[in-house]
Protein chains: 2
Amino acid sequence: MLTYNLADTGSDAIYTYLYKCIRQDILSGKIKAGQKLPSKRALAKNLGISVITVEGAYGLLTAEGYVYSLPKKGFYAADPELMPAVRPAGKADQSADGKGRAPGQTIHTGNVVLTGGSRAYLADLTSNQTDTAIFPFSIWTRTMREVMAEKQEALMVNPPCGGIMALRESIAAYLADFRGMSVNPEQVIIGAGTEYLYSLLIQLLGRRCRYGVENPGYHKAARVYEEMGAGTAYIGMDEEGIRIDELEAKAVDVIHVSPSHHFPTGHVTPISRRYELLAWASRGEGRYIIEDDYDSELRLGGKMIPTLQSIDASGRVIYMNTFTKTLCSTVRISYMVLPYPLCERFYEKLSFYSCTVSNFEQYTLARFMADGSFEKHINRLRSFYQKKRDSLLTAIRQSPLAKRAEIYEEEAGVHFLMKIRTDREEEAYTAAVRAGGVRLKPLSAYYFREEGAPLAEGRDNTYVINYSSVREEVMAAAVQVLFEAAVTRNKSKNDSK
Amino acid sequence: MLTYNLADTGSDAIYTYLYKCIRQDILSGKIKAGQKLPSKRALAKNLGISVITVEGAYGLLTAEGYVYSLPKKGFYAADPELMPAVRPAGKADQSADGKGRAPGQTIHTGNVVLTGGSRAYLADLTSNQTDTAIFPFSIWTRTMREVMAEKQEALMVNPPCGGIMALRESIAAYLADFRGMSVNPEQVIIGAGTEYLYSLLIQLLGRRCRYGVENPGYHKAARVYEEMGAGTAYIGMDEEGIRIDELEAKAVDVIHVSPSHHFPTGHVTPISRRYELLAWASRGEGRYIIEDDYDSELRLGGKMIPTLQSIDASGRVIYMNTFTKTLCSTVRISYMVLPYPLCERFYEKLSFYSCTVSNFEQYTLARFMADGSFEKHINRLRSFYQKKRDSLLTAIRQSPLAKRAEIYEEEAGVHFLMKIRTDREEEAYTAAVRAGGVRLKPLSAYYFREEGAPLAEGRDNTYVINYSSVREEVMAAAVQVLFEAAVTRNKSKNDSK
């Protein structure tokens with residue numbers, strides 16, 4: 001067990017001091033690469049400090065790349081080859097107290113550029129972070145500066161709960177132009193991220209409703225519904241989308257779907273199923289469809305089918321979209337479009353809430369949309385991701401991995417599915433790939449299954465390849481890692497002890 | 001009843017078109033100043049459109065100052081003297097569709113400058129909006145530009161749910177320096193406004209707890225608790241703060257208090273009552289105190305008493321503060337400090353949430369705090385408000401109003417209480433003052449009372465004077481309005497017909 005003297009931590013907070021101690025031991029080799037660190041609880045007990053303090057230290061070590069974590073396994077000292085150990089110790093010291101290197105600054109280790117946040121990885125195929133190269137820094141800065149110079153009075157005025165009118169008008173115009181939707185600005189409600197909007201919706205529709213979510217799917221939505229005290233149900237999918245019979249059988253009131261492009265399978269719900277969904281909604285009082293259109297802007301091909309919102313005649317569709325995919329994941333601006341009867345209820349019941357997005361960013365985005373910059377940016381984004389996808393597919397085709405991999409659904413703008421032929425179990429393959437510096441998430445992780453229930457047929461060893469943050473220069477190396485892990489046989493259980 | 005032909009609204013949305021029609025009728029005198037407009041429902045029914053559409057139109061008319069609303073009364077055409085009617089009609093037309101004048105741009109009507117949002121008023125004594133003169137535009141812009149130039153990688157990295165470490169470290173350092181609080185950065189949770197943080201707290205502590213709120217007090221907190229499905233109880237106050245006996249009698253689990261400076265009465269809870277509160281909390285499992293320290297930075301005098309958080313030895317105090325008072329109400333950044341056991345629970349249960357504040361503003365604020373700008377700004381703010389308060393008090397002293405007014409609790413940074421001696425009832429006085437262009441809210445509005453219950457003795461005709469957004473050049477005129485309304489006798493019921 002690690003033991004450190006925490007009686008005198010100097011000017012450091014305990015967690016910072018602990019972080020420095022452990023880092024020092026990893027750098028000096030006292031803790032070996034791949035060695036498991038004690039659990040947070042055990043270390044806390046041993047040192048007589050709070051678990052949260054250990055959590056803080058482990059968090060820093062992970063963020064800095066000295067340590068990596070495996071789900072349900074614990075924390076491990078990272079491979080020195082992948083560590084930011086090339087920095088002199090003095091500089092590393094500064095970064096711990098926030099006064100030195102920024103947490104996300106680029107680190108060059110040999111030829112490989114590791115990006116902030118996923119820095120310990122050669123390639124993080126699970127990350128949705130925006131590539132720094134694609135965020136329109138100069139025009140965004142200029143737009144914000146203009147807004148701050150010209151709109152000083154307006155910036156200080158508390159906006160209505162739904163957001164500033166100029167932005168809602170820009171969004172309504174955008175939806176008309178690009179999604180063929182006819183929407184009035186007062187139907188558009190702006191919030192700090194879709195998770196926040198879900199919480200407003202639950203307050204609007206009530207906690208007594210049962211909220212259905214797609215299975216497989218984006219589990220965070222279900223998590224929000226549950227934390228907010230609402231009942232949820234996992235609804236199975238077929239090739240055409242959500243299964244209507246299960247909606248009926250599980251007595252769902254509100255169904256959360258992504259018909260334009262299901263995550264993570266990539267399925268597009270055909271028009272026939274869309275009408276069936278609308279029919280389901282209109283059959284029962286208080287039934288609603290939440291249409292999550294999170295990445296429609298980034299589709300690289302395939303047919304565009306009308307949104308549910310645009311063919312809904314009975315006011316049962318709540319449309320949702322976000323700027324976290326198109327602008328960047330760290331600018332928290334999302335919106336929903338409420339059908340009129342709900343819109344009225346929203347203003348009566350929830351308009352006392354302050355809008356959660358800063359005026360500064362609302363006015364900047366409104367101007368960015370109104371002057372055509374957003375449209376130009378989307379076009380640039382699309383070709384950027386297309387090029388990135390093509391490069392990755394080329395790297396796979398040119399590698400021996402090609403004979404062991406099948407690619408699906410590559411029309412999505414930021415991810416596709418890849419089935420790998422290997423003797424390894426998913427967990428062992430993921431760990432082996434990770435040891436080589438590539439982070440990967442299996443499709444099975446997006447399934448909600450009852451204890452012991454089998455995975456849908458043919459869905460094992462299928463991985464969600466999120467290429468949005470992978471740099472071109474590391475693609476060949478990353479593909480090589482994927483290949484080598486696939487051909488190396490599992491160690492027997494005795495070997496791994 | 002107003003009737004307009006809405007069959008052809010041109011390129012306008014219906015609500016915009018309706019707004020233009022009514023504005024035209026007000027400007028032309030067809031609708032007289034002070035005339036009551038039809039209720040939203042009645043007008044919607046008459047025109048065969050949705051109530052929400054009428055709401056949109058009325059909202060624009062109110063925001064633009066053509067119409068004002070009286071609580072529980074309805075909407076009235078504004079006094080032409082106070083209206084932005086000096087603008088040419090063509091320009092006004094543009095503003096309606098968001099392409100022309102910004103909604104908050106300054107309008108000059110004679111010598112009187114009316115600010116955006118409260119534009120229809122000579123002085124809005126209910127507004128908490130930040131005066132444009134005091135927001136540090138140039139340094140904020142510069143700081144943001146530096147961040148956007150230097151931190152591009154970090155800006156793209158998804159922060160932990162509690163916010164970026166640099167800002168949490170700045171906040172911890174600030175609390176140590178200015179509030180004598182010893183807090184670790186991992187205890188600090190950043191969110192888009194205190195309302196959002198309340199909703200996180202309810203998810204953390206549970207909906208089964210009963211949440212107590214101060215009576216009188218800031219009712220929005222109770223509203224959030226209720227909308228989130230939690231039970232609430234209104235707890236009476238005495239001169240020393242919240243009443244402990246009522247906490248026990250009403251079986252409260254979590255009490256929301258503002259001991260540093262109660263809103264709106266301005267009472268400061270003495271140290272003895274603070275210990276009683278802590279004793280109450282430690283007597284029962286699962287009891288917590290939410291300490292709302294919303295304006296401690298803006299105190300203009302009086303003794304600073306240690307926060308509950310800093311004298312809490314049993315981990316029962318959740319400290320809350322916000323930058324909406326010190327920076328501006330439209331930058332949505334607030335934070336809470338969790339005691340360790342709760343902190344641990346928070347990370348286990350709720351760390352899946354994305355932080356609701358944009359990275360851009362978090363890094364800007366972190367730098368603004370770290371380089372000393374925040375401290376300088378607070379000092380500037382304090383003397384700005386002190387000067388403003390002194391000017392208003394002088395204006396009152398020099399007016400005949402002085403003989404009819406008593407001032408309480410003027411040590412608060414942005415508001416004080418004023419009791420007015422007048423024959424008028426509160427409602428009539430408020431309306432008369434409003435007709436003169438001054439917006440005012442009585443203290444009684446902050447009391448929650450059972451149907452028919454009397455107001456606490458001596459609390460009638462006492463008004464909360466929020467002077468933060470009142471410009472010095474209008475103070476004498478506004479005080480004159482307050483005086484004239486106080487001496488004019490109520491019209492008899494027959495007269496007013």
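It should be emphasised that the depicted structure is a prediction, and the values quoted were computed from it without experimental measurement. (Residues numbered from 1 in each chain as written. Chains lettered and ligands numbered in written order. Predicted model: local features only at pLDDT ≥ 70, side-chain atom pairs only at ≥ 80, totals over all residues. Heavy atoms only, no water.)

### Examining the overall build of chain A
To keep things clear, this is the line we draw: Counting from the N terminus, the helices are the DSSP runs of H or I reaching at least four residues and the strands are the DSSP runs of E reaching at least two. Relative accessibility decides the category of a residue: with a 1.4 Å probe and only protein chains considered, values under 20% of the type maximum give buried, values over 50% give exposed, and everything between is partly exposed. Each accessible area value is a Shrake-Rupley result obtained with a 1.4 Å probe; residue values ignore everything except the protein chains displayed when judging cover.
Assigned secondary structure in chain A consists of 17 helices and 18 strands. Here chain A, with 497 residues, has 59% of them falling under the buried criterion. Only carbon and sulfur atoms are counted for the fraction: they give 49% of the accessible area of chain A, which is about 19,900 Å².

### Quick notes on the pattern of salt bridges
Residue and element names in this part refer to chain A. The cut-off we apply is this: A carboxyl oxygen of Asp or Glu within 4 Å of a side-chain nitrogen of Lys or Arg is what we treat as a salt bridge.
Applying the stated criterion to the full structure yields 46 salt bridges over all chains. A salt bridge links arginine 273 to glutamate 240; its shortest N-O distance comes to 3.5 Å. A residue pair is termed long-range when its members are at least 10 positions apart, and arginine 273 in helix α11 (residues 271-283) and glutamate 240 in the loop between β8 (231-238) and β9 (241-242) qualify at 33 residues. The closest approach of N and O atoms between glutamate 472 and lysine 387, which form a salt bridge, is 3.6 Å. Within this pair, whereas glutamate 472 is found in the loop between β18 (462-466) and α16 (475-487), its partner lysine 387 is found in helix α14 (residues 373-397), the two being separated by 85 residues in sequence. Classification of glutamate 472 by relative accessible area gives partly exposed; the value is 32%. Three or more residues are tied together by salt bridges with common partners; here these are Arg142, Glu146, Glu150 and Arg367.

### Considering α11(A)
Just so we agree on the cut-off: To estimate the expected span of a helix, count its residues, drop one, and scale the result by 1.5 Å. Pairs of residues are marked as contacts when any of their non-hydrogen atoms sit within 4.5 Å.
The terminal C-alpha atoms of α11(A), which comprises 13 residues, lie 18 Å apart, in line with the 18 Å expected from a rise of 1.5 Å per residue. Next to the buried residues of α11(A) lie β8, β9, α10 (244-249), β10 (254-257), β11 (288-292) and β12 (317-322) of chain A.

### A word on the sheet that holds strand β13 (residues 334-337) of chain B
Residues and elements named next belong to chain B. Using the following cut-off: For two strands to pair, DSSP has to find at least two bridges joining them.
On the basis of which strands lie adjacent, the open sheet formed by eight strands has the order β6-β13-β12-β11-β10-β7-β8-β9 and mixed pairing. If you trace the sheet from one side to the other, it starts and ends with β6 (188-191) and β9 (241-242), each paired once. As paired elements, strand β8 (residues 231-238) and β9 share two bridges and run antiparallel to each other. Among the inter-strand pairings, aspartate 238 is bridged to a residue of β9, identified as glycine 241.

### A word on the confidence of the model for chain A
Residues and elements named next belong to chain A. What counts is decided by this rule: The pLDDT score gives, residue by residue, the confidence of the prediction method on a 0 to 100 scale.
Here chain A shows a mean pLDDT of 85. Residues at 70 or above account for 88%. This model gives residues 84-119 a pLDDT under 50, and the stretch forms 74 contacts once residues within four places in sequence are excluded. When the criterion is pLDDT under 50, residues 492-497 qualifies, and its contacts beyond four places in sequence or with other chains add up to zero contacts. Interface scoring of the predicted complex returns ipTM 0.78; its pTM is 0.79.

### Considering the relation of the copies chain B and chain A
The condition that has to hold: The atoms used to superpose the copies are C-alpha atoms, taken from residues with pLDDT of at least 70 in both, and the fit is least squares.
When chain B is fitted onto chain A, the two copies agree to an RMSD of 0.1 Å after a turn of 180 degrees and an axial shift of 0.1 Å. Both copies of the chain, as the preceding transformation shows, are related through a two-fold rotation axis. When the interface residues of chain B are mapped onto chain A, 100% of them are again interface residues, pointing to one common binding face.

### Some remarks on the interface of chain B and chain A
Basically, it comes down to this: Defined here as a combined quantity, buried area equals the accessible surface (1.4 Å probe) lost by two parts on assembly, summed across both. N or O atoms closer than or at 3.5 Å make up a polar contact, with two conditions inside protein: a donor-capable atom paired with an acceptor-capable one, and, for residues adjacent in sequence, both atoms drawn from side chains.
In this assembly, 80 residues from chain B lie in contact with 80 residues from chain A. Carbon and sulfur atoms make up 57% of the surface buried where chain B meets chain A, a total of about 6,700 Å² over both sides. If you look at where chain B meets chain A, you find six salt bridges. Where B:Arg471 meets A:Glu153, a salt bridge forms, and the shortest distance between an N and an O atom there is 3.5 Å. Remark: the boundary between chain B and chain A carries 29 residue pairs in polar contact (both at pLDDT 80 or more). Of all elements in the fold, only α3 (51-64), α5 (137-150), α6 (152-156), α7 (165-179), α8 (194-205), α9 (219-227), α12 (340-350) and α13 (359-370) of chain B reach the threshold of two or more residues within the side of chain B that touches chain A. Considering each element in turn, the side of chain B that touches chain A owes the most residues, seven residues, to α12(B).

### Quick notes on the packing of helix α5 (residues 137-150) of chain A against α5(B)
We count it as follows: Axes here refer to lines fitted to C-alpha atoms; in helices the fit is confined to the stretch in contact. Angles between the N-to-C directions go from 0 to 180 degrees. Small angles under 35 degrees read as roughly parallel and large ones over 145 as roughly antiparallel, with 65 to 115 read as roughly perpendicular and the rest as oblique.
Packing of α5(A) against α5(B) brings their axes to within 11 Å, and their N-to-C directions diverge by 175 degrees. As summarised for this structure, α5(A) and α5(B) are arranged roughly antiparallel, according to the angle between their axes. Here A:Phe137, A:Trp140, A:Thr141, A:Met144, A:Arg145 and A:Met148 of α5(A) come into contact with α5(B), specifically with B:Phe137, B:Trp140, B:Thr141, B:Met144, B:Arg145 and B:Met148.

### Some remarks on α5(B)
Along an α-helix, residues three or four positions apart point the same way, because every turn accommodates 3.6 residues. Helix length check: α5(B) (14 residues) gives 20 Å between terminal C-alpha atoms against 20 Å at 1.5 Å per residue, within 8%. Contacts from the buried residues of α5(B) go to α5, α6 (152-156) and α13 (359-370) of chain A together with α6 and α13 of chain B.

### Quick word on the sheet that holds β8(A)
Consider a sheet: its strands pair through backbone hydrogen bonds, and that pairing is either parallel or antiparallel. All names here are of chain A. Read from one edge to the other, the open sheet built from eight strands follows the order β6-β13-β12-β11-β10-β7-β8-β9, with strand pairing classed as mixed. Looking along the sheet, the strands with just one partner apiece sit at the ends: β6 (188-191) and β9. Alignment of strand β7 (residues 210-215) against β8, held across six bridges, turns out to be parallel. Residue pairing in the sheet places glutamate 214 in a bridge with isoleucine 235 of β8. Against the sheet, helix α9 (residues 219-227) touches β7, β8, β10 and β11, its axis set at about 160 degrees to β8.

### Section: a negative patch on the surface
Residues and elements named next belong to chain A. Threshold: Surface patches are drawn from residues lacking salt bridges whose relative accessible area is over 30%; two like charges belong together within 9 Å, two nonpolar side chains (Val, Leu, Ile, Met, Phe, Trp, Tyr) within 5 Å. Charged residues are defined narrowly, with Lys and Arg counted positive, Asp and Glu counted negative, and His plus the chain ends left uncounted. Positions of charges follow a simple convention, taking NZ of Lys, CZ of Arg, CG of Asp or CD of Glu.
Negative charge collects at one region of the surface, where Glu239, Glu409, Glu410 and Glu411 lie side by side. Within the fold, glutamate 410 resides in the loop between β14 (405-408) and β15 (415-420). Given a relative accessible area of 32%, glutamate 410 falls into the partly exposed group.

### Here we look at the nonpolar core
In plain terms, the rule: Residues belong to one nonpolar core when they are buried, are Ala, Val, Leu, Ile, Met, Phe, Trp, Tyr or Cys, and are joined through side-chain atoms within 4.5 Å.
Residues A:Phe360 and B:Phe360 are the most contacted members of the largest nonpolar core, which totals 76 residues. Aside from chain neighbours lying at most four places away, what touches A:Phe360 is A:Met144, A:Val147, A:Met148, A:Leu155, A:Met156, B:Phe135, B:Phe137, B:Trp140, B:Cys328, B:Thr330, B:Val331 and B:Glu361.

### Some remarks on the side chain of B:Lys388
Residues and elements named next belong to chain B. The topology assignment puts lysine 388 in helix α14 (residues 373-397). The class of lysine 388 is buried, set by a relative accessible area of 3%. Polar side-chain contacts of lysine 388 include one of 3.0 Å to the backbone oxygen of valine 470. Residues in contact with lysine 388, not counting those within four places in the same chain, are Asp131, Tyr467, Ser468, Ser469, Val470, Glu472 and Met475.

### Section: the environment of B:Thr9
Residue position: B:Thr9 is located in the segment before α1 (14-28). Distance in space between the C-alpha atoms of B:Thr9 and B:Lys32 is 25 Å, their sequence separation being 23 residues.

### Quick notes on the packing of helix α8 (residues 194-205) of chain A against α9(A)
The angle between the axes and the distance between the axes are what describe a pair of packed helices. Residue and element names in this part refer to chain A. Under the convention used in this document: Working rule for handedness: look at the near helix, and if it is turned counterclockwise from the far one by less than a right angle, call the crossing left-handed; if clockwise, right-handed. Only Asp, Glu, Lys and Arg are considered charged in this grouping, and only Ala, Val, Leu, Ile, Met, Phe, Trp, Tyr, Cys and Pro are considered nonpolar; every other residue, Gly among them, is considered polar.
One can describe the packing of α8 onto α9 by two numbers: an axis separation of 10 Å at closest approach and a directional angle of 45 degrees. Accordingly, the angle class assigned to the pair α8 and α9 is oblique. Like other packed secondary-structure pairs, α8 and α9 cross with a definite hand, here right-handed. In contact with Glu195, Tyr198, Ser199 and Ile202 of α8, α9 contributes Lys220, Ala221, Val224 and Tyr225. In the contact of α8 with α9, the residues fall into five nonpolar, one polar and two charged.

### Observations concerning the packing of aromatic side chains
Residues and elements named next belong to chain A. To keep it simple, the criterion reads: Stacked, tilted and edge-to-face are the three classes assigned to paired rings of Phe, Tyr and Trp, where Trp is represented by its six-membered ring and a pair needs centres within 6.5 Å; plane angles under 30 degrees give stacked, over 60 edge-to-face, the rest tilted. Lysine and arginine charges are scored as sitting over a ring when NZ or CZ, respectively, is within 6 Å of the ring centre and within 35 degrees of the ring normal.
Applying the stated criterion across every chain, the model contains 45 aromatic pairs over all chains. Taking the centre distance of 5.7 Å and the plane angle of 20 degrees together, the rings of tyrosine 68 and tyrosine 76 count as stacked. Note on tyrosine 68: relative accessible area 21%, which makes it partly exposed. Judged by relative accessible area, which is 14%, tyrosine 76 ranks as buried. Consider the rings of tyrosine 174 and phenylalanine 374, whose centres lie 5.4 Å apart with planes at 70 degrees: the pair is edge-to-face. Taken together, the residues tyrosine 174 in helix α7 (residues 165-179) and phenylalanine 374 in helix α14 connect sequence positions 200 residues apart. Looking at arginine 316, its charged tip hangs above the ring of tyrosine 288, at a distance of 5.9 Å from the centre.

### Section: unusual backbone geometry
Residue A:Pro264 is reached from A:Phe263 by a cis peptide bond, and omega for that bond is 5 degrees. With respect to the helices, strands and loops of the structure, A:Pro264 is situated in the loop between β10 and α11. Each neighbour pair has its own omega, and for B:Asn215 with B:Pro216 the value is 5 degrees, a cis peptide bond. By the secondary structure assignment, B:Pro216 is in the loop between β7 (210-215) and α9. In this structure, A:Ala251 takes a positive phi of about 55 degrees despite not being glycine. Inspection of the secondary structure puts A:Ala251 in the loop between α10 and β10.

### A word on the pairing of β11(A)
Residue and element names in this part refer to chain A. Where we set the bar: Orient the strands so they point away from the viewer; a crossover is then right-handed if the path from the first strand over the helix to the second runs clockwise.
The element β11 is extensively covered by neighbouring structure, given that five of its five residues are classed as buried. Across the two faces of β11 the burial is the same, with Tyr288, Ile290 and Asp292 and Ile289 and Glu291 all buried. Alignment of β10 against β11, held across four bridges, turns out to be parallel. Bridged to histidine 256 within β11 is isoleucine 290. For the handedness criterion, the β-α-β arrangement of β10, α11 and β11 is classed as right-handed.

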